[in-house]
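Listed below, chain by chain, are the residues.
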Amino acid sequence: MATVPHITEAESEVLNVLWRLGPLPPTPLVEAVKLRRPWGEATIKTLLGRLIRKAAVRSVRAEGRLVYEALVTRDTYLEAELQALVDRVWEGRWETLSQVLAERSQPAGGRSLIDPAGRLAYRRAFRFSKGRARLAATRCDCEETIHGK
């Protein structure tokens, strides 16, 4: 996994806009962030400056215009966040996280999230809402009968 700098919750709001909309000039980027958070332009530019110093975002000239683009992909960021959680809470042991999910996570219908072979029966996806990442279970698209297809 590539090294990902520590990204604060506020900085992740700016990155979320860039991940969703792609590279943007300063004004549309500021306006898009303002739709999600009640921040002023100076605050958003400060966050952009921090992200540039952390090499998570860069500014480039495209067709004569300044454009900001994310250098850290959403998947890489999410993987780093999950790894940090597992390291902090379960001392780096992913199997402990799997065990907790198997014991405590029951989707509608009472089926376990862990199949008999120990694989996740549901894919886990992050959804961002008001600056907080939430896990959401989505149906697995594999064709194995253990998933109830």
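Our structure is the block above this text.
Residues numbered from 1 in each chain as written. Predicted model: local features only at pLDDT ≥ 70, side-chain atom pairs only at ≥ 80, totals over all residues. Heavy atoms only, no water.

Describing the side chain of Glu 11
- Secondary-structure assignment places Glu 11 in helix H1 (residues 9-21).
- On the basis of relative accessible area, Glu 11 is assigned to the buried category, the value being 1%.
- Engagement of the side chain of Glu 11 in a polar contact is seen with the backbone nitrogen of Thr 8, the distance being 2.9 Å.
- In contact with Glu 11, other than residues within four places in its own chain, are His 6, Leu 47, Arg 50, Leu 51 and Lys 54. (Helix = DSSP H or I, 4+ residues; strand = E, 2+ residues; numbered from the N terminus. Buried < 20%, exposed > 50% of the residue type's maximum accessible area, 1.4 Å probe, protein only. Polar contact = N/O pair within 3.5 Å; in protein donor to acceptor, adjacent residues only side chain to side chain. Contact = heavy atoms within 4.5 Å.)

What about the pairing of strand S2 (residues 65-70)?
- Bridge analysis of strand S1 (residues 57-62) against S2 gives 6 bridges, and the strand direction is antiparallel. Among the inter-strand pairings, Arg 58 is bridged to a residue of S2, identified as Glu 69.
- In sequence, S1 turns back onto S2 through a hairpin of 2 residues, with Glu 63 there showing a positive phi of about 55°. (Pairing = 2+ DSSP bridges.)

Here's the deal with helix H4 (residues 74-90)
- Helix length check: H4, at 17 residues, gives a terminal C-alpha distance of 23 Å against a target of 24 Å (1.5 Å per residue), a fit within 8%.
- Inspection of H4 places Tyr 77, Leu 78, Ala 80, Val 86 and Trp 90 among the buried residues, and these make up the whole buried set.
- Immediately downstream of H4, the backbone of Glu 91 shows phi near 50°, a positive value. (Expected span 1.5 Å × (residues − 1).)

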